[in-house]
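In case you want the letters, here they are:
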Amino acid sequence: MSTVAVMGSGSWGTAMALTLSDNDHRVTIRARRAEVCDKINNDHRNPDYFTDLELPPSLRAERDPQIAMQDAEFVVLAVPSQSLRETLSQWQISDQAVIVSLAKGIELGSGLRMSQVIMEVTGAGPERIAVLTGPNLSHEIARRQPAAAVVASVREETAIAVQQLFHTATFRPYTNTDVIGCELGGATKNVIALAVGMAAGMGYGANATASLITRGLAEIIRLGEAMGADPHTFSGLAGIGDLVATCSSPLSRNRTFGEELGRGRTVAEIAGSTRQVAEGVKSCFSIKALAEKHHVEMPITYAVCAVIEGSLDPRSLVQALLARAPKPERY
Ligand SMILES: NC(=O)c1ccc[n+]([C@@H]2O[C@H](COP(=O)([O-])OP(=O)(O)OC[C@H]3O[C@@H](n4cnc5c(N)ncnc54)[C@H](O)[C@@H]3O)[C@@H](O)[C@H]2O)c1
Ligand SMILES: O=P(O)(O)OC[C@H](O)CO
């Protein structure tokens, strides 16, 4: 039994805190609002996410981040990518704790992956950091439906420790030492899911979805190789696994955001109608910047950026991608 702090009570933080509690760990979830803490502690429900779901009574909620992390052997970071730096800089994480990153994004401006942001802000070495990623839609995990995942760390022992921490009868993590590939897979698939959602919103079918997933994977692998990832990672759970889950499921916020764009709503309208994060809406720009820096062609990502910034409409996105110069199929 380990002591774990889950820092963030959104949909993924809640689902992962529930999974860890199912594994009999001592889990504290950190929520920013007192009323959320009270509801979790007294009624065993999160008032904002999975409201019909009873949380394990052993799960405790705490507002004060330092109290939440007291004695924690594992600190699990469950805040969105673009808030991670600011949030982390307000916390003191013990230098004995293993830090687990759940966020799937690339920081705007710096182009850093989340494990790099964690290292910069906390001073933790890479051997103390793990990344949990893969095809994991929170609604399914919270309902204890079966899923596999990947835990990546440069230090295999760290990955194994985190694998054991999360492994339940319904949640099966594998390990990987390719942190770059696993983090890139998680961030880039959100952008492809936006494109797939747009196609679906315009009424296009399975052929368009499969074509975008396949060519999306090609551009993800190109970027990954240029950045030092192992290309094999992208045929695993952090790559094709997460890409398929996110692009195919109506539960994906990124795909749903894209679908709304395809139906003609604007970015501002869609963003204003949800409190939940669709990471690809911001990370598309940092991923485009990485592609430019590494001289990698990423046409789908570029087209998604153009739609998000308002210089291209979704229908023209499809036309523009189809009208590109013919070429052999290769990565
Ligand atoms: N939901 C999923 O299915 C899922 C699965 C795997 C990974 N992820 C990743 O997990 C990360 C978190 O996503 P989520 O689904 O929990 O998002 P969410 O929108 O459901 O919740 C985000 C949480 O972060 C908090 N938050 C937002 N801004 C903050 C700030 N500035 N400071 C502190 N806290 C802040 C919110 O209050 C909320 O508790 C994302 O990177 C996402 O890609 C999500
Ligand atoms: O809801 P999304 O689009 O953020 O996707 C959630 C998970 O990342 C799927 O693995």
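Thresholds applied
Residues numbered from 1 in each chain as written. Chains lettered and ligands numbered in written order. Predicted model: local features only at pLDDT ≥ 70, side-chain atom pairs only at ≥ 80, totals over all residues. Near = placed C-beta within 6 Å. Helix = DSSP H or I, 4+ residues; strand = E, 2+ residues; numbered from the N terminus. Nonpolar A, V, L, I, M, F, W, Y, C, P; charged D, E, K, R; others polar. Domains from an automatic or database assignment. UniProt positions renumbered as here; feature names shortened; annotations may be inferred. Contact = placed C-beta atoms within 7 Å. Buried ≥ 20, exposed ≤ 12 C-beta atoms within 10 Å, placed from the backbone. Pairing = 2+ DSSP bridges. Axes fitted to C-alpha atoms, helices over the stretch in contact; angles between N-to-C directions.

(A) Quick look at the site of ligand 1. Taken together, the neighbourhood of ligand 1 is formed by 23 residues, with Gly 10, Trp 12, Ser 83, Ala 103 and Ser 138 sitting nearest. At the level of secondary structure, the elements contributing two or more residues to the shell around ligand 1 comprise α1 (11–22) and α4 (81–88). Residue composition of the shell around ligand 1, grouped by class: eight nonpolar, twelve polar and three charged. Summarising the domain contributions, the shell around ligand 1 has at least three residues from each of domain 1 (3–177) and domain 2 (185–322).

(B) How the structure looks around the site of ligand 2. Taken together, the neighbourhood of ligand 2 is formed by 13 residues, with Asn 136, Thr 246, Ser 252, Arg 253 and Asn 254 sitting nearest. Going through the elements one at a time, α8 (179–201), α10 (237–248) and α11 (253–262) are the ones with two or more residues in the shell around ligand 2. It is α10 that contributes the most residues to the shell around ligand 2, three residues altogether. Its residues assigned to classes, the shell around ligand 2 shows four nonpolar, five polar and four charged. The residues that make up the shell around ligand 2 include at least three from each of domain 1 (3–177) and domain 2 (185–322).

(C) Inspection of the UniProt feature "binding site: NADPH" (unreviewed entry) in the protein at higher detail. With numbering aligned to this structure, UniProt lists the feature "binding site: NADPH" (unreviewed entry) at Ser 11, Trp 12, Arg 32, Arg 33, Tyr 49, Lys 104, Ser 138, Arg 253, Val 277 and Glu 279. For the residues just named, distributed over 269 residues, the greatest C-alpha separation reaches 23.7 Å, placing them at more than one site. Turning to its location among the elements, Ser 11 is positioned in helix α1. Setting aside anything within four residues of it in sequence, one finds Ser 11 in contact with Tyr 49, Ser 138 and Gln 276. With 24 C-beta atoms counted inside 10 Å, the residue Val 277 sits in the buried group. Each residue touching Val 277, except ones within four places of it in the same chain, is listed here: Pro 80 and Arg 253.

(D) Inspection of the domain arrangement of the protein at higher detail. The domain boundaries assigned to the protein delineate domain 1 (3–177) and domain 2 (185–322). Between domain 1 and domain 2, the C-alpha centre-to-centre distance is 25 Å. Opposite the 20 residues of domain 1 that make contact, domain 2 presents 26 residues. Contributions of two or more residues to the side of domain 1 that touches domain 2 are made by α4, β7 (147–152) and β8 (171–176). Looking at the side of domain 1 that touches domain 2 element by element, the count peaks at three residues for β7.

(E) Quick look at the UniProt feature "binding site: substrate" (unreviewed entry) in the protein. According to UniProt, the positions carrying the feature "binding site: substrate" (unreviewed entry) are Lys 104, Arg 253 and Asn 254. In three dimensions, the annotated residues from a span of 151 residues occupy one location, with a maximal C-alpha spread of 12.6 Å. Relative to the helices and strands, Lys 104 resides in the loop between β5 (98–101) and α5 (114–122). Ignoring sequence-local partners within four residues, the contact set of Lys 104 consists of Thr 133, Gly 186, Ala 187, Asn 190 and Glu 279. Residue Arg 253 is classed as buried on the basis of its 22 C-beta neighbours within 10 Å. Discounting residues that sit within four places of it in the chain, Arg 253 has contacts with Gln 276, Val 277 and Ala 278.

(F) Quick peek at the sheet that holds β7. Taken in spatial order, the eight strands of this open sheet run β3-β2-β1-β4-β5-β6-β7-β8, and their pairing is mixed. Pairing within the sheet leaves two strands with one partner each, and these edge strands are β3 (60–62) and β8. In this sheet, adjacent strand axes meet at a mean angle of 25 degrees when their direction is disregarded. As paired strands, β5 and strand β6 (residues 129–133) are joined by three bridges and run parallel to one another. Within β6, the position partnered with Ser 101 by the bridge is Val 131. In the packing of α5 onto the sheet, contacts are made with β5 and β6, and the angle to β5 comes to roughly 140 degrees.

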